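Given next are the chains, with one letter for each unit.
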Amino acid sequence: MIWWLRIRYVPAVAVGLLACILLGSGADSVTVPIPVVIGGLTFDLPMSSLLPLVPVCLILEGQARADGITERVAVRAMGRWDAAFMAACVLACALTAAVASTAGAGSATTALARDFAGYLGLALIVRWLAGARVATVATALFPFLCVSFGLVHNRPGIWAWPLHHAASVTAGLQALLLLAIGALSLLLPPLRRHTDVDGE
């Protein structure tokens with residue numbers, strides 16, 4: 001258990017997620033100007049869309065540190081522990097968003113919970129396809145790609161779900177779909193075999 005906690009960066013992920021929730025709920029008006037490739041303008045990306053990248057990238061880094069061969073023959077099912085921990089992180093974000101919505105201040109936390117779930121799902125899918133290292137880079141770049149290529153007349157395209165309003169049903173469904181597919185990928189062997197220690 002202690003070995004798993006250290007390898008997976010569980011304390012760091014927990015601290016990162018807590019900081020993400022606290023900062024995200026209080027930084028509703030904080031934005032980061034990102035240049036738009038098409039049109040030459042800038043788009044103010046809310047900080048709540050970037051903060052969830054921190055715990056997601058920490059989760060991926062913990063996955064990359066693991067020795068996949070050793071874990072496959074371990075007595076304890078490491079995959080189940082990973083899935084339970086990720087589910088707990090998603091649940092913590094969802095509960096925070098629900099409590100904030102009840103208090104009438106849930107816009108930023110709702111977007112944060114949606115984006116965390118979507119980024120995590122995307123990261124797990126790319127990890128299954130290409131490994132944890134590639135997944136970290138791809139997930140970290142995704143919101144910036146959404147801004148650069150996903151805006152039409154300064155309005156987000158349907159696929160650029162991190163840019164949509166927190167109440168967007170379409171964006172929420174996309175994030176949940178990515179999370180569901182990513183969760184299923186945990187049950188499958190990696191699509192590509194790696195010769196180095198990549199968490200696979």
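Structure shown above.
Colleague: Before we go on, may I ask you to explain the side chain of T136 in this structure?
Modeller: Take T136: it is sitting in helix α7 (residues 132–149). Relative accessible area serves as the criterion here: at 19%, T136 is assigned to the buried category. Excluding anything up to four places from it in sequence, T136 contacts C57 and L60.

Colleague: I'm lost on empty space enclosed by the protein in this one. Help?
Modeller: Where empty space is left in the structure can be found by rolling a water-sized probe over the atoms. In total, this model carries 1 cavity of 30 Å³ or more according to the counting rule given. By volume, the largest cavity is sized at about 40 Å³. W4, R8, I59, Q63, D82, F85 and M86 together form the lining of the largest cavity. The element best represented in the lining of the largest cavity is helix α5 (residues 78–102), accounting for 3 residues.

Colleague: What's the story with the packing of aromatic side chains in this structure? I'm lost.
Modeller: Per the counting criterion, the structure on display carries 3 aromatic pairs. For the ring pair Y119 and W161, a centre distance of 5.5 Å and an interplane angle of 45 degrees mean the geometry is tilted. In this pair, Y119 is assigned in helix α6 (residues 107–130) and W161 in the loop between β4 (155–156) and α8 (169–185), connecting sequence segments 42 residues apart. We classify W161 as buried; its relative accessible area is 2%. Judged by centre distance (5.7 Å) and plane angle (35 degrees), the ring pair of F142 and W161 falls under tilted. Residue F142 is found in helix α7, and its partner W161 is found in the loop between β4 and α8; the two are separated by 19 residues along the sequence. What makes F142 buried here is its relative accessible area of 15%.

Colleague: For this particular structure, what's the right way to read the nonpolar core?
Modeller: As a rule of thumb, nonpolar side chains are buried together in soluble globular proteins. Membership of the largest hydrophobic core comes to 46 residues, with the highest contact counts inside it found for F116, L120, V147 and L163. Counting only elements with at least two residues in this core, the list comes to α2 (10–26), β2 (42–46), α3 (53–64), α5, α6, α7 and α8. No other element matches α6, which puts 11 residues into this core. Residues within four places of V147 in sequence aside, it is in contact with I34, P35, V36, F43, L45 and L163.

Colleague: Sorry, what's going on with a nonpolar patch on the surface here?
Modeller: A grouping of V37, V137, L141, F144, L145, F149, I158 and W159 is seen on the molecular surface, where their side chains present a nonpolar patch of about 760 Å² in accessible area. Topologically, F144 is positioned in helix α7. Judged by its relative accessible area of 30%, F144 falls in the partly exposed class.

Definitions and limits used
Residues numbered from 1 in each chain as written. Predicted model: local features only at pLDDT ≥ 70, side-chain atom pairs only at ≥ 80, totals over all residues. Heavy atoms only, no water. Helix = DSSP H or I, 4+ residues; strand = E, 2+ residues; numbered from the N terminus. Buried < 20%, exposed > 50% of the residue type's maximum accessible area, 1.4 Å probe, protein only. Contact = heavy atoms within 4.5 Å. 1 Å grid on protein atoms, 1.4 Å probe; cavity = no way out; pocket = protein on both sides within 12 Å on 5 of 7 lines; lining within 4 Å. Points joined across faces, edges and corners; volume = space filled by probe spheres on them. Phe/Tyr/Trp six-rings, centres within 6.5 Å; stacked < 30°, edge-to-face > 60°. Core = buried A, V, L, I, M, F, W, Y, C linked by side-chain atoms within 4.5 Å. Patch = residues over 30% accessible without salt bridge, like charges linked within 9 Å, V, L, I, M, F, W, Y side chains within 5 Å. Areas by Shrake-Rupley, 256 points an atom, 1.4 Å probe, with all protein chains shown as cover. Salt bridge = Lys/Arg side-chain N within 4 Å of Asp/Glu carboxyl O.

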